[in-house]
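What the coordinates show
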Amino acid sequence: MSSRTLYQKLVDTHTVSTLDAEHVLLYADLHIMNEYTSPQAFAGLHEKGLGVRRPRQQMGVVDHVIPTKPVPVGSRIIEIADAARQAANFTRNCARHGIHLFDVHDPVQGIEHVVAPELGIIRPGMVVLCGDSHTTTYGALGALGFGIGTSEVEHVLATQTLVYRVAGNMRIVVDGLLGRGITSKDLVLHIIARIGAQGARGCAVEYAGQAIDALSAEARMTLCNMTVEAGARAALIAPDRTTLDYVRGKVRDLDARALEAACDAWSQLRSDDDARFEAEHQFDASSVAPYVTWGTSPDQAMPVDGRIPEEQSGSGPDAATLRKALDYIGLPAGAAIEGTPIDRVFIGSCTNARLEDLRAAAEVVRGRKVAPTVRAMVVPGSGMVRDEAEREGTAQILIEAGFEWRQPGCSMCLAMNDDVLAPGERCASTTNRNFEGRQGRGSKTHLMSPAMAAAAAIAGRIVDLRKAFAHD
């Protein structure tokens, strides 16, 4: 058999049949659903008189529309009528088909891509599907995860399979080590800025190199989560000791003997030494600075000590895109982004709402206060993250600094719930997309790491974390 990449091995082991030169029928080990991409899929099943093929391999989470106001667990009420209908419909559909649902009042409820790994149900070698593009998160644990459309959700529910177009193979090698205070969020923004929003289009990206090896499992999730913003169809990191230690600490349904046997098998999941990648990129982690976006696409990002690109002459598509982004974001070409005043700070989302992210923010704000001109909020990624942050004191540090400590959910990552920016408000955000209106109509979003967002909250403006707290 010819040498294969990790991606090809995962596809091969889950191929039910080959349909043609580009497509296979792919088996899914796990299918995760939320309240906003599943209604039409269930309606299609019901119209056809079909049931759910394997209910125990489905999981539901109410996360996008749920409010995150700091109320007691179990007392949350979705006040937006359309959102409440979506959640109620989702609850009925899951109950009808015997699908486990983490609903509004479940203490484990949170963001699907935070909840699933913490429950120990994401494991190396799996294929995981979800009607959400950031399902690439699970590649951090050596699982092939990717988002699917509504019609595909219906097909998976009915058959536990997917008609799948096989992706190309890309490898991104990151050597060296990240500097103090530099995170995987900075690294992925650096990569996206370099290769572009379509730089990995049509590809499954495998990450490798010294810098990747040094990342924690949670930091790897941030990296894989945002790789879709470069157009990637999947992101993968081969399982190593970090992966196995994380999974060992989460799995609850295997005894010690079975778990060790599984770990032995998982540790073999890697690309062959002579496997062929159609495209490769190399980066030096030691050259990565704290990154922040200046425009309306994740690839419109730069080091915080850099300057916004100068507007190009001419009328080509690049010039038009630049002008449109600058007009929307309200910053002049050629200006420094450091020092830009901000109105809001949001720390949360499936990209950066894990315990490690909250700890990083707390370290920055310990003993300090949020600027009086800023409203800052922290939304944990799950009930488990929230509980642990409260037990260990991380939450209290954030609260004492002046952050709102809220209930879990997608929150201000997207304007589908109560947490919405007002027109014109400028937000330092740990989310994954800075599109026009993403956090609210007319809102202005600057993506950055939790530590950088926390520093902006204290300063009241975008700052270079390395300089702002250099005396610490």
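First, a word on what this report is: a plain description of the structure on this page. In this text the structure is predicted, and so the values were computed from the model without any measurement. (Residues numbered from 1 in each chain as written. Predicted model: local features only at pLDDT ≥ 70, side-chain atom pairs only at ≥ 80, totals over all residues. Heavy atoms only, no water.)

Quick look at the sheet that holds strand β3 (residues 30-34)
Overall, parallel pairing links the five strands, which are arranged β5-β4-β3-β6-β7 in an open sheet. Of all the strands in the sheet, the pair left with one neighbour each is β5 (100-102) and β7 (144-147). Geometrically, the sheet is characterised by an average inter-axis angle of 20° between neighbouring strands, direction not taken into account. Alignment of β3 against strand β6 (residues 127-130), held across three bridges, turns out to be parallel. From the neighbouring strand, Leu 30 faces β6, where its bridge partner is Val 128. Sheet strands touched by helix α5 (residues 150-159): β3, β4 (58-61) and β6. Its angle to β3, the strand with the most contacts, is close to 130°. (Pairing = 2+ DSSP bridges. Helix = DSSP H or I, 4+ residues; strand = E, 2+ residues; numbered from the N terminus. Axes fitted to C-alpha atoms, helices over the stretch in contact; angles between N-to-C directions. Contact = heavy atoms within 4.5 Å.)

Looking at the nonpolar core
Residues Ile 32, Ile 122, Leu 157, Tyr 164, Val 174 and Tyr 207 are the most contacted members of the largest nonpolar core, which totals 96 residues. With residues up to four places along the chain from it excluded, the contact list for Ile 32 reads Met 59, Glu 112, Ala 116, Ile 122, Val 128, Leu 129, Cys 130, Gly 131 and Tyr 138. Counting 54 residues, the second-largest nonpolar core is a separate cluster that includes Ala 362, Ala 395, Ala 451 and Ile 462. (Core = buried A, V, L, I, M, F, W, Y, C linked by side-chain atoms within 4.5 Å. Buried < 20%, exposed > 50% of the residue type's maximum accessible area, 1.4 Å probe, protein only.)

Comments concerning the sheet that holds strand β10 (residues 203-208)
Taken together, the four strands give an open sheet; going across it, the order is β11-β10-β9-β12, and neighbouring strands pair in parallel fashion. The outermost strands of the open sheet, each flanked by one partner alone, are β11 (234-237) and β12 (279-284). Each strand of the sheet is rotated relative to its neighbour by a mean of 20°, with strand direction disregarded. In terms of strand pairing, β10 meets β11 through four bridges, oriented parallel. Looking across to β11, one finds that Val 205 is bridged to Ala 235. Against the sheet, helix α6 (residues 184-195) engages β9 (168-175), β10 and β12, with an angle of about 130° to β12. Taken strand by strand, helix α8 (residues 217-227) contacts β10 and β11, and its axis lies near 155° from that of β11.

Overview of the side chain of Asn 93
The topology assignment puts Asn 93 in helix α3 (residues 81-97). Judged by relative accessible area, which is 6%, Asn 93 ranks as buried. Asn 93 has contacts with Phe 42 and His 46, leaving out every residue within four places of it along the chain.

Some remarks on the pairing of strand β19 (residues 444-447)
Neither face of β19 is left uncovered, since the one carrying Lys 444 and His 446 and the one carrying Thr 445 and Leu 447 both have all their residues buried. In this structure, strand β18 (residues 426-429) lies alongside β19, joined through four bridges in parallel fashion. Bridge pairing in β19 places Arg 426 opposite Lys 444.

Topic: α6
Under the 1.5 Å per step criterion, the end-to-end length of α6 is 16 Å for twelve residues, consistent within 8% with the ideal 16 Å. With respect to burial, α6 is a largely interior element, ten of its twelve residues being buried. The backbone nitrogen of Lys 185 lies 3.2 Å from a side-chain oxygen of the residue at the head of α6, namely Thr 183. Positive backbone phi, at 95°, marks Gly 196, one or two positions downstream of α6. (Expected span 1.5 Å × (residues − 1). Polar contact = N/O pair within 3.5 Å; in protein donor to acceptor, adjacent residues only side chain to side chain.)

Some points on the pattern of salt bridges
Applying the stated criterion across every chain, the model contains 24 salt bridges. The network of salt bridges with common partners includes Arg 375, Glu 404, Arg 406 and Asp 419. (Salt bridge = Lys/Arg side-chain N within 4 Å of Asp/Glu carboxyl O.)

Concerning the pairing of β3
Among the five residues that make up β3, five are buried, leaving the element largely enclosed by the rest of the structure. Neither face of β3 is left uncovered, since the one carrying Leu 30, Ile 32 and Asn 34 and the one carrying His 31 and Met 33 both have all their residues buried. Where β3 meets β4, four bridges bridge the pair, whose relative direction is parallel. In the sheet register, Ile 32 faces β4, and the bridge partner there is Met 59. Remark: the β3/helix α2 (residues 39-48)/β4 crossover connection has right-handed handedness. (Right-handed = clockwise from strand over helix to strand, strands pointing away.)

Some thoughts on the packing of helix α9 (residues 241-250) against helix α10 (residues 256-266)
Contact geometry of α9 with α10 gives a least axis separation of 11 Å together with a crossing angle of 155°. Accordingly, the angle class assigned to the pair α9 and α10 is roughly antiparallel. Crossing handedness for the pair α9 and α10: right-handed. Packed against α9, whose contacting residues are Leu 244, Val 247 and Arg 248, the element α10 presents Leu 259, Glu 260, Cys 263 and Trp 266 at the interface. When grouped by side-chain class, the residues that make up the contact of α9 with α10 number five nonpolar, no polar and two charged. (Parallel < 35°, antiparallel > 145°, perpendicular 65-115°, else oblique. Left-handed = near helix turned anticlockwise from the far one by under 90°. Nonpolar A, V, L, I, M, F, W, Y, C, P; charged D, E, K, R; others polar.)

A closer look at the layout of surface pockets
Reported here for the largest pocket is a volume of approximately 680 Å³. Lining the largest pocket are 29 residues, and of these Arg 180, Gly 181, Ile 182, Thr 183 and Ala 451 sit closest to its centre. Of all the elements in the fold, those that place two or more residues in the lining of the largest pocket are α6, α7 (210-214), α8, α12 (355-365), α15 (450-459) and α16 (465-468). A total of five residues in the lining of the largest pocket trace back to one element, the largest contributor, which is α12. Its residues assigned to classes, the lining of the largest pocket comprises 13 nonpolar, seven polar and nine charged. Asp 29, Leu 30, Arg 56, Gln 57 and Ile 121 are, among the 15 residues lining the second largest pocket, the residues nearest its centre. (1 Å grid on protein atoms, 1.4 Å probe; cavity = no way out; pocket = protein on both sides within 12 Å on 5 of 7 lines; lining within 4 Å. Points joined across faces, edges and corners; volume = space filled by probe spheres on them.)

A look at the side chain of Asp 63
Among the secondary structure elements, Asp 63 is positioned in the loop between β4 and α3. In this structure, Asp 63 is buried with no salt-bridge partner, the nearest side chain bearing the opposite charge being Arg 76 at 10 Å. Among the polar contacts made by the side chain of Asp 63, one reaches the main-chain amide nitrogen of Glu 112 at a distance of 3.0 Å. Ignoring sequence-local partners within four residues, the contact set of Asp 63 consists of Asn 34, Glu 35, Gln 109, Gly 110, Ile 111, Glu 112, Gly 409 and Cys 410. (Lys, Arg positive; Asp, Glu negative; His and termini not counted.)

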